[in-house]
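Chains, contacts and geometry: an overview
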Amino acid sequence: MHAKGRLVVCFLLALTCYFVMRNHNSVQLKRDSSSAVPLEKPNIVFILADDLGWGDVGYLNPLVITPTIDKLAREGVILNQSYVSQSCSPSRAAIMSGYYPYRLGFQEGGLTQNMPTGVPLHLTLLPRKLQKLGYSTYMVGKWHLGFCKKEYTPNGRGFDHFYGFYGGGEKHYTHVLGRGLDLQYDFEPDRTQNGTYSTYLFSGKAVEFIKTHDKSKPFFLTWPFRVSTVHFRSVNTFW
């Protein structure tokens, strides 16, 4: 896969999140000084297409059928001169922290289950920043930024609720990684979903978070899909 084209859609959405928050802060300062009508904070859904290659989307490759991604591209902005890291942990570490991966010790690639490390704890990650702005924060899907102790997990880094897996690629139906289950709801393992395809499982939970969150507060949902990364397997009904 070409590093150049990976996560095109991800970068579009990441930049959208960045500019939304930057513009909001700018307007907020103007509002404070002019006593204007308060600006409503937008809800943010950030979708990360993990390990998606340059030729893995329909708007670039007619042999691939990706109608939803194609619609996002048509109605948004396509960044086709961008460069990203060659693997998953470095990219998501940069997005969450705002630092280049080599400044975080992530330049070598993805974390493995036995690495007692993660994104340095002295850094404040994006969800924690948004919490301070009054956001409810949710994450569904793949974390892969360290879990050797609670402080490194999604809940420890600023997500109010997390449903997904800590490692790099659990099995789609059993949700097992290595020798054990890797499916968590906050800090509790979920042993009830053996046999449920991961994309359906995580999509359902993301929709549930959106529908049940406190409507008096804005929300931030980060949604790193599992389907395009290692241990490829399509849903059984496709065969």
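About the criteria used
- Residues numbered from 1 in each chain as written.
- Predicted model: local features only at pLDDT ≥ 70, side-chain atom pairs only at ≥ 80, totals over all residues.
- Heavy atoms only, no water.
- Helix = DSSP H or I, 4+ residues; strand = E, 2+ residues; numbered from the N terminus.
- Phe/Tyr/Trp six-rings, centres within 6.5 Å; stacked < 30°, edge-to-face > 60°.
- Buried < 20%, exposed > 50% of the residue type's maximum accessible area, 1.4 Å probe, protein only.
- Lys NZ or Arg CZ within 6 Å of the ring centre and 35° of its normal.

1. Quick word on unusual backbone geometry
- Its identity is not glycine, yet His144 carries a phi of approximately 60°, on the positive side.
- Of note, His144 is situated in the loop between strand S2 (136–142) and strand S3 (161–165).
- Despite not being glycine, Asp186 shows a phi value in the positive range, around 55°.
- Along the chain, Asp186 falls in the loop between strand S6 (184–185) and strand S7 (188–189).

2. A closer look at the packing of aromatic side chains
- Scanning the entire structure with this criterion turns up 13 aromatic pairs.
- Each ring, one from Tyr138 and one from Phe209, has its centre 4.9 Å from the other, and the planes form 25°; the classification is stacked. Of the two residues, Tyr138 is situated in strand S2 and Phe209 in helix H5 (residues 198–212); the sequence distance between them amounts to 71 residues. In terms of burial, Tyr138 and Phe209 fall into one category: buried.
- One aromatic cluster in this structure is built from Tyr138, Tyr163, Phe165, Tyr185, Phe202 and Phe209.
- Taking the ring centre of Tyr163 as reference, the NZ or CZ of Lys205 above it sits at 5.0 Å.
- The ring centre of Phe209 lies 6.0 Å from the NZ or CZ of Lys205, which sits over that ring.

3. Some words on the environment of Lys132
- By the element assignment, Lys132 lies in helix H4 (residues 126–132).
- When its relative accessible area of 63% is taken as the criterion, Lys132 is described as exposed.
- The sequence separation of Lys132 and Gly158 amounts to 26 residues, and the corresponding C-alpha distance is 9.7 Å.

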